[in-house]
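Observations on the three-dimensional arrangement
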Amino acid sequence: MDESGEIRHSAVMKKNPYIIDNPGGNDFRLNRETLVDPEILVAERDRVFDQCWIYAGHESEVPKPGDFQTRDVGGRPVILTRDGDNNVRLFLNTCRHRGAKVCREREGNTKRFYCFYHGWSYRNDGALVAVPGDDAYPDTFDRSKLGLKDVPRFENYRGFWFASFNPDVEDLEPYLAGATEYIDLVVEQSADGNMEIVSGVQEYDIGANWKLLVENSFDDYHLHSTHSTWLEYMKDSGVNIKVPKGLLLPKKGIGRDLGNGHAVIDNYNFRGRPVATWISIYGEEAKPAVEAAKAELVERLGEERAERVANTNRNLFVFPNLMINDGSSVTVRAFWPEAADRMKVTAWALGPVGESAVMRKVRLDSFLTFYGPGGLATPDDVEALEQVQAGLTSTVKEVPWSVMTRGIAKDGEQLNSDELHLRTFWRRWNTMMTGEAAATETGDTAEAAEAAE
Amino acid sequence: MNREAVEDFFYHEAALLDAWDLDGWMDLLCDDARYLVPPNDVPDGDPDNTLFIIADDIDRIRGRVKRLKSRDAHAEFPRSRTRRLITNVRILAHDDAELTVTANFSVHRFRRGGKGGEYVGRYIYTLRIEGGAFRIAERRAILDAEELGGLSAVSFIL
Ligand code: FES
Ligand SMILES: [Fe+2]
């Protein structure tokens, strides 16, 4: 940690602990300052976001050489591109001359990135190839050292590309730890293992601390109270919304700690799924396609694995800011704090490459029933988070702690509506912020989850 | 059916929506109506292969309206106040049975606690003539903003 980091560290440490974590005493409390204090956000940028792997994009977003997308990753403007040698690259979008962004379009295809300010241009592998009037530069001017800067680390797991601004970060796959098992389940929906981001991106802000969206994105406790109108809609549409009794594997949704701060809720599917279970909302015309998709899975993966891929849902959290919700559709959702009380959210739909037109339509339709800024559920989540922020910000002195103990007294597996997975996130976050070791819970074991599978 | 008649229809629809007379609004729709809000980055997209913000068939429009009438549509409780300004109405195509019409909109939204915003864009409607009156077969509300950003949600009927 550099000097300025130390100064910030001591400034932040004067306050109360971020969490009170005593599973033996059945206590877990969250200091609400962590959702409010701008100094904590400054520290998070150094100690969390700049240390981790951050989701940058999917390989399908740049399918051909020269394709590019611009966006912000880890708070930096970047260009995601596929260079002439077919390598996926992630460049910092800043000119090596005096700093301008070299690419301002959202997406496109180009051999060169041209900085309009003084006219330097770069090949799509980053090399600086043209400098107007370069005779005015001294001998020490070395073009070969002035190419577009790659992010320090850039690796992919099954087509999901992540960047890290920490050159010494562990490799992506060990970093992902138990999350790979769940990414595999997502990708195995595709006959040839290729998934793609569907056209159309949802970009919206939420007036709330980013960590509230981590919690919300896989908090099944709020389903019945926050999303009763969505449940009502499903019921009206002829979908059985009751949790069925009987031979389900696992019988109940569970929350799992996947290591390194990653966590998941793993649910048996009972409200329809484009790859497995037809429901009336999909329409009669989609029935054969849904059944064919399921048959293909069984053929390729065998009965048991097909059942696992097709008939379980997962809300997978990859620490610190990526959610993959694989249920009625597949949502890839990344978010970034603009301020302690405001975040930018980007959400995409993911689907198998080459899936039939009717299945793609069902998938997107199914997405929109629940998700996104016009869905029948997500706007209520946005409202909930903004109400949390509005409720706790100026009351933090009088009401300093939030309670997060659901399930903590259990010995065995924890339910999707418990809060183990939320505590998993907060423990990792606290460790990264303070260096303190995290407590462990007895129910917090892979064995418990495996027993349930 | 001239522009003035279309304008009258739009003003009537806007008044119903601003008054939250959602049942009255439903009466303006055909039995197979669609309501679409494309994503900001693909304003001319097709909902069959592009992820929209809203792509409702009549069943989901009915479900959306039922939801919005409930106290449990939290994003719209208490309800937003809205004020719709609709201008630049143009008939793009028409025959005896159907018209394609465009208009600009600016929808101002206000919520208790200060959150609100201006939704600016253009409509493209397909209006059908049924029994001498217009009925909405499709209404597409296309936002001009590059991203939804601080508007956060399209939780009311835009
Ligand atoms: S800043 Fe790019 S050429 Fe000068
Ligand atoms: Fe929710």
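Values in this document were obtained by computation on a predicted structure and should not be read as measured data. (Residues numbered from 1 in each chain as written. Chains lettered and ligands numbered in written order. Predicted model: local features only at pLDDT ≥ 70, side-chain atom pairs only at ≥ 80, totals over all residues. Heavy atoms only, no water.)

Focus: the confidence of the model for chain A
All names here are of chain A. Our working definition: Confidence scores labelled pLDDT are given residue by residue by the predictor and lie between 0 and 100. Whether two residues are in contact is decided by their heavy atoms, any of which lying within 4.5 Å being enough.
Mean pLDDT for chain A: 91, with 92% of residues reaching 70 or above. Below pLDDT 50 for its whole length, residues 1-8 participates in six contacts with residues either more than four positions away or in separate chains. Here residues 444-453 is modelled with pLDDT under 50, and outside its nearest four sequence neighbours on either side it reaches 17 contacts, counting other chains as well.

Quick notes on the sheet that holds strand β9 (residues 121-123) of chain A
Residues and elements named next belong to chain A. Applicable threshold: Here, strands pair whenever DSSP counts at least two bridges between them. Under the scheme used here, helices are H or I runs from DSSP no shorter than 4 residues and strands are E runs no shorter than 2 residues, and both carry numbers assigned from the N terminus. To obtain an axis, a line is fitted to C-alpha atoms, over the contacting stretch when the element is a helix, and the angle between two such axes runs from 0 to 180 degrees between their N-to-C directions.
If you trace the three strands from one edge of the open sheet to the other, you get β8-β9-β10, paired in antiparallel fashion. Whereas interior strands pair on both sides, the edge strands pair on one side only; in this sheet they are β8 (112-114) and β10 (128-130). Going across the sheet, the axis of each strand differs from the next one's by a mean of 35°, ignoring polarity. In terms of strand pairing, β8 meets β9 through three bridges, oriented antiparallel. Bridge pairing in β9 links Arg-112 to Arg-123.

With respect to the domain arrangement of chain A
All names here are of chain A. Selection rule: Segment limits for the domains were obtained from an automatic or database-derived domain assignment. Defined in terms of a 1.4 Å probe, buried area is the accessible area two parts forfeit on being brought together, summed over both. Just to be clear on terms, a salt bridge is a Lys or Arg side-chain nitrogen sitting within 4 Å of an Asp or Glu carboxyl oxygen. Here a polar contact is taken to be a pair of N or O atoms separated by no more than 3.5 Å, where protein atoms must pair a possible hydrogen donor with a possible acceptor and residues adjacent in sequence count only if both atoms sit in side chains.
Each assigned domain of chain A is listed here: domain 1 (61-152) and domain 2 (177-452). Distance between the C-alpha centres of domain 1 and domain 2: 36 Å. Each side of the interface is counted separately: domain 1 has five residues, and domain 2 has five residues. Together, the buried faces of domain 1 and domain 2 total about 360 Å²; carbon and sulfur atoms form 55% of this surface. Taken together, domain 1 and domain 2 are joined by one salt bridge. Its salt-bridge partner being Arg-106, residue Glu-203 comes within 3.1 Å of it at the nearest N-O pair. Where domain 1 packs against domain 2, one counts one residue pair in polar contact (both at pLDDT 80 or more).

Things to note about the nonpolar core
Selection rule: In these notes, a set of buried Ala, Val, Leu, Ile, Met, Phe, Trp, Tyr and Cys residues joined through side-chain atoms within 4.5 Å is what counts as a nonpolar core. Each residue gets one of three labels from its accessible area relative to the maximum for its type: buried under 20%, exposed over 50%, partly exposed in between, using a 1.4 Å probe on protein chains only.
Counting residues in hydrophobic clusters, the biggest one holds 131 residues, and the most contacted among them are Trp-429 of chain A together with Trp-25 and Leu-158 of chain B. Counting residues domain by domain, this core receives three or more from each of domain 1 (61-152) and domain 2 (177-452) of chain A. Not counting the four nearest positions on each side in its chain, Trp-25 of chain B is found in contact with Glu-13, Leu-16, Leu-17, Ile-61, Val-65, Ile-136, Arg-139 and Ile-157 of chain B. Among the nonpolar cores identified, the runner-up in size contains 26 residues, and Leu-231, Ile-279, Ala-286 and Leu-368 of chain A belong to it.

Some details on the pattern of salt bridges
Residues and elements named next belong to chain A. According to the stated counting rule, one finds 52 salt bridges over all chains in the structure shown. Among the salt bridges present, the one from Arg-273 reaches Asp-326, with a minimum N-O distance of 3.1 Å. With Arg-273 in the loop between β16 (262-268) and α8 (287-311) and Asp-326 in strand β18 (residues 322-326), this residue pair connects regions lying 53 residues apart in the sequence. Classification of Arg-273 as buried rests on a relative accessible area of 1%. Look at Asp-326 and you get buried, because its relative accessible area is 1%.

Remarks on the environment of Glu-33 of chain A
Residues and elements named next belong to chain A. Relative to the helices and strands, Glu-33 resides in the loop between β2 (27-31) and α2 (38-49). The class of Glu-33 is partly exposed, set by a relative accessible area of 24%. Distance in space between the C-alpha atoms of Glu-33 and Ala-340 is 10.0 Å, their sequence separation being 307 residues. Contact partners of Glu-33, with chain neighbours within four places excluded, come to Ile-40 and Val-396.

Overview of the coordination of the iron ion (ligand 2)
Residues and elements named next belong to chain A. Counted only if it meets this: Water is absent from the atoms considered, so a metal site may look incomplete; donors are defined as N, O and S atoms within 2.8 Å of the metal, or 3.2 Å for Na, K and Ca. Here the metal geometry follows the donor angles, with tetrahedral for four donors whose angles all fall between 85 and 135 degrees, square planar for four and octahedral for six when opposite donors are more than 155 degrees apart and every other angle is between 65 and 115, and irregular for all the rest.
In the first shell of the iron ion (ligand 2), the protein supplies His-222 (NE2), His-227 (NE2), Asp-381 (OD) and Asp-381 (OD), at 2.0 to 2.5 Å from the metal. One can describe the site at the iron ion (ligand 2) as irregular: its four donor atoms subtend angles covering 57 to 151° at the metal. Here the donor residues of the iron ion (ligand 2) share one chain and are spaced in sequence as H-x4-H-x153-D. Overall, His-227 belongs to the buried group, its relative accessible area being 1%.

Things to note about the sheet that holds strand β5 (residues 76-82) of chain A
Residue and element names in this part refer to chain A. If you trace the four strands from one edge of the open sheet to the other, you get β6-β5-β4-β7, paired in antiparallel fashion. Edge positions in the sheet fall to β6 (88-92) and β7 (107-109), since each has one partner strand and no second. Adjacent strand axes in the sheet meet at a mean angle of 25° when their direction is disregarded. Here three bridges tie strand β4 (residues 67-73) to β7, and the two strands are oriented antiparallel to one another. Looking across to β7, one finds that Gln-69 is bridged to Glu-107.

Notes on the packing of helix α4 (residues 179-187) of chain A against α8 of chain A
Residue and element names in this part refer to chain A. Under the convention used in this document: Geometric relationships in this document are graded by angle, where less than 35 degrees denotes roughly parallel, more than 145 denotes roughly antiparallel, 65 to 115 denotes roughly perpendicular, and other angles denote oblique. In this classification, the charged set is Asp, Glu, Lys and Arg, the nonpolar set is Ala, Val, Leu, Ile, Met, Phe, Trp, Tyr, Cys and Pro, and all remaining amino acids, among them Gly, are polar.
α8 packs onto α4 with a crossing angle of 95° between their chain directions and a minimal axis gap of 8 Å. The angle between the axes of α4 and α8 places the two elements in the roughly perpendicular class. Counting all contacts with α4, which are made through Glu-181, Tyr-182, Asp-184 and Leu-185, the residues of α8 involved are Arg-305, Arg-308 and Val-309. By residue class, the composition of the contact of α4 with α8 is three nonpolar, no polar and four charged.

Some details on helix α9 (residues 357-370) of chain A
Residues and elements named next belong to chain A. Counted only if it meets this: Every helix has an expected span of 1.5 Å times one less than the residues it contains.
With 14 residues, α9 should cover 20 Å at 1.5 Å per step; its first-to-last C-alpha distance of 21 Å lies within 8% of that length. For α9, a buried count of 10 out of 14 residues is recorded, marking the element as mostly surrounded by other parts of the structure. Restricting attention to buried positions, one finds in α9 the residues Met-359, Arg-360, Val-362, Arg-363, Leu-364, Ser-366, Phe-367, Leu-368, Thr-369 and Phe-370. Looking one or two places after α9, you find Gly-372, whose phi comes out positive at around 95°.

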